[in-house]
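One letter stands for each residue in the lines below.
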Amino acid sequence: MRFLLSCTLLLLAGPVLVAEPVLAETIFVSNEKDNQIAVVDGDSLQIKNKIKVGRRPRGITLSADGTQLYVCVGDDNRIDVVDIASGKIVHTLPSGPDPELFVLSPDGKKLYVANENDNMVTVIDVADRKAIGNIQVGVEPEGMGISPDGKILVNTSETTNMAHFIDTEKHSVVGNVLVDSRPRVARFTDDGKQVWVSSEIGGTVSVIDAAALKVIKKIRFEVTGVRREAIQAVGIQMTKDGKRAFVALGPANRIAEIDTDSFEVKRYFLVGQRVWNLAFSPDEKRLYTTNGISNDLSVIDLERNKVIKSIPVGGAPWGIVVKP
Amino acid sequence: MLIGYLARQEDPRTPLSFLEPVATDEGLQGARLALADNNTTGVFLKQSYRLVEQVLPQDGDIAAGVKALADEGVRFVVADLPADALLAAADQPEAKSMLLFNARATDDALRNEQCRANILHTAPSRRMLADALAQYLAWKKWPRWSLLTGRDPGDTLYAEAVRRAAKRFGGKIVAEKSWTFDTGNRRTDTGVTTIQSDIPLATQGPDYDVLVVADEAGDFGDYLDGRTWYPRPVAGTQGLTATAWSRVNEQWGGTQLQSRFEKLAGRWMTQRDYAAWLAVRSVGEAAARTNATGFGDLTGYLHGPDFELAGFKGEALSFRAWDGQMRQPILIAGPRMLVSVSPQEGFLHPVTPLDTLGDDAPESKCRLNR
């Protein structure tokens, strides 16, 4: 009987495996300590490859056509361009000193890079592989966000504590909004009306009205059993329908989910230690988070609202991007 | 916006180790860097800052220095002075309408019986340093300490703070000795002859877990490690050192502060530079947050509950209401590596674990009338 049962299971399992979609996403994680990009298969949740890049890779993003990865390698003062198919660095871009974070223009032609050491944002023409301009901003530029139409760039400066709004045509600062201490990440909502800025030391997210250049809401977090100082907001992601926002809370080891209408925190997900950044699967059924101290990637099932897996990915995972 | 910097010329401090430079501009460079940081931010707020540097001769008259700053219209002053000169400055008639930042003196009396309403302390107190070290030694379960104290009055005060910290955090001082041998000199004494035979004598006695040294001026402490009677670690003012800042820290974005400082000063940032940086940045932060430059607006904000400063130590720094001390994490620094940061996990406090370091409100003897 037992034999029969296992046979049946095998028979059942066979066709299911074959029918598995072959177009599962690929997750790329920058490991700042290992100087590698971990390539994780979104279907099996196994590491497929590790790509060696320059020293201290942090910011990571996909090219517009999805065939290349741009990786900020801060200690080598450049951006590595990785061909995804071959897993090799094909060339580098001149980023200016110590690039940490960047954002690609919606048309895929320009990269805007924060140079932490030089109070500067560098604009790179991706095709020409040349720096075509720079913009003076506050002390320790860090987070970079761009409006959906590509006209306004937002940079945060960690010691000046501002979100600088920059006209991308004129390369000039058009407005500054003061936020809480040590702002890290800036993200436009998909309708372009708001910019969400996380403050690491302040432990808050400021929601800025992008037209009025005013903070319209300051979102605070409270986790039972976690001291206030450990709640340090970093990475931000929002679903395409604009309804759910997720904020990584650093050493609080939590992801907060926020209702974007009420700005209320709906729940906290316990993930790995010192969670930095996060990315959705293309169908937005999952959220992946990079956990810098526990050296893993947490997988959150957003339909069941449960953390379902943690995958060791290497030394000090920081940035993350998902390719459909 | 004017910010004053008040100091007296001193003989250059000559560290025993050749790895450390002889610095003649400690403190001042920290203030200059923070001024540049404030001005970068100020561009976006239409605020600009100028540092009025008032460095008096060695025996210069503090009263005249304060008056000169007042005459220029300076009301925020970074005082890079020892305790007695700081009090002399704070008690000048002109200083009644000033706010002084104590960026140097670690004396606990300044946070207690001798506290002043017109002083905020960005330098840590000796008790904060000793408590930070004691918490780490408690966490390590190294409770038996031998205390070796130098001849300077500051060393005696440091030793007092160590004794108090032992009581608070479960340390036991098994022996106390004074350093009675010669002090060192890096040019004429390499340590391999006289010092090598002096130190075993000075550290003999009952066995202990850690040798805690109180040598603020660095006259002999750096000679201890590797020469003690017992094979035990050295901690305190040398060895495993509790300090507000050290080159070994690059966590929490510290890389940027260290590299900005080195570009400006051509040397490493010390605790004294860091305290001056905090002072000038505090004024800049208050001006940015209040979008004001008036003395009353800024002091109100600095003393209030909303003030927060990011100081590259992983959490916000603010001033204690009861004694004007800036609460801050304290680094436990080795000579080449960051070893730990206090407060340590598990030392609990109803408001903030940072207030487990130094004088908490109930124990403070400071009675301010602001």
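Anyway, here's the lowdown on the structure attached to this text. All figures in this text were calculated on a predicted structure; none of them were measured in a lab. (Residues numbered from 1 in each chain as written. Chains lettered and ligands numbered in written order. Predicted model: local features only at pLDDT ≥ 70, side-chain atom pairs only at ≥ 80, totals over all residues.)

A look at the interface of chain B and chain A
Next up, step 1: In this assembly, 14 residues from chain B lie in contact with 19 residues from chain A.
Next up, step 2: Contributions of two or more residues to the side of chain B that touches chain A are made by helix 1 (28–45) and helix 7 (254–265) of chain B.
Next up, step 3: Per-element accounting of the side of chain B that touches chain A gives the leading share, 4 residues, to helix 1 of chain B.
Next up, step 4: When the residues that make up the side of chain B that touches chain A are grouped by side-chain class, the tally is 5 nonpolar, 6 polar and 3 charged. (Contact = placed C-beta atoms within 7 Å. Helix = DSSP H or I, 4+ residues; strand = E, 2+ residues; numbered from the N terminus. Nonpolar A, V, L, I, M, F, W, Y, C, P; charged D, E, K, R; others polar.)

So, the packing of helix 1 of chain B against helix 7 of chain B
All names here are of chain B.
Next up, step 1: Viewed as axis vectors pointing N to C, helix 1 and helix 7 meet at an angle of 115°, and their least axial separation amounts to 10 Å. Comparing the axis directions of helix 1 and helix 7 gives the class roughly perpendicular. Of the two elements, helix 1 crosses helix 7, and the hand of that crossing is right-handed. Across from Gln 29, Arg 32 and Leu 33 in helix 1, the residues of helix 7 making contact are Arg 260, Phe 261, Leu 264 and Ala 265.
Next up, step 2: Here the residues of the contact of helix 1 with helix 7 sort into 4 nonpolar, 1 polar and 2 charged. (Axes fitted to C-alpha atoms, helices over the stretch in contact; angles between N-to-C directions. Parallel < 35°, antiparallel > 145°, perpendicular 65-115°, else oblique. Left-handed = near helix turned anticlockwise from the far one by under 90°.)

A closer look at the environment of Thr 149 of chain B
All names here are of chain B.
Next up, step 1: Topologically, Thr 149 is positioned in strand 6 (residues 144–149).
Next up, step 2: Given 22 C-beta atoms within 10 Å, Thr 149 falls into the buried group.
Next up, step 3: Once the C-alpha coordinates of Thr 149 and Thr 180 are considered, the two residues, 31 residues apart in sequence, prove to be 9.2 Å apart.
Next up, step 4: Leaving out residues up to four positions away in the same chain, Thr 149 has contacts with Asp 155, Thr 156, Ala 159, Ser 178, Trp 179 and Ala 214. (Buried ≥ 20, exposed ≤ 12 C-beta atoms within 10 Å, placed from the backbone.)

Structural notes on helix 8 (residues 271–290) of chain B
Think of an α-helix as turning once every 3.6 residues; residues three or four places apart then point the same way.
All names here are of chain B.
Next up, step 1: Taking 1.5 Å per residue as the helical rise, helix 8 with its 20 residues ought to reach 28 Å, and the 28 Å between its terminal C-alpha atoms agrees with that figure.
Next up, step 2: Within helix 8, 17 of the 20 residues are buried, leaving the element largely enclosed by the surrounding structure.
Next up, step 3: The positive-phi residue at the C-terminal boundary of helix 8 is Asn 291, with phi of around 50°. (Expected span 1.5 Å × (residues − 1).)

Observations concerning the environment of Ala 64 of chain B
Next up, step 1: Assignment of secondary structure puts Ala 64 of chain B in helix 2 (residues 62–71).
Next up, step 2: Remark: the alpha-carbon pair of Ala 64 of chain B and Arg 367 of chain B, spanning 303 residues in sequence, is separated by 28 Å.

Let's talk about the sheet that holds strand 22 (residues 254–259) of chain A
All names here are of chain A.
Next up, step 1: Reading across from one edge, 20-21-22-23 is the order of the 4 strands in this open sheet, with antiparallel pairing throughout. Whereas interior strands pair on both sides, the edge strands pair on one side only; in this sheet they are strand 20 (236–238) and strand 23 (265–270). Neighbour-to-neighbour, the strand axes of the sheet open up by a mean angle of 20°, direction not taken into account.
Next up, step 2: When strand 22 meets strand 23, the two strands line up antiparallel, connected through 5 bridges. By the bridge assignment for strand 23, Arg 254 is matched with Leu 270. (Pairing = 2+ DSSP bridges.)

Some details on the sheet that holds strand 2 (residues 36–41) of chain A
Residue and element names in this part refer to chain A.
Next up, step 1: Sheet architecture is open: 4 strands sit in the order 3-2-1-28, paired in antiparallel fashion. A single partner strand is all that each edge strand has here, and the edge strands are strand 3 (47–52) and strand 28 (317–323). Averaged over all neighbouring strand pairs, the angle between strand axes comes to 20°, with direction disregarded.

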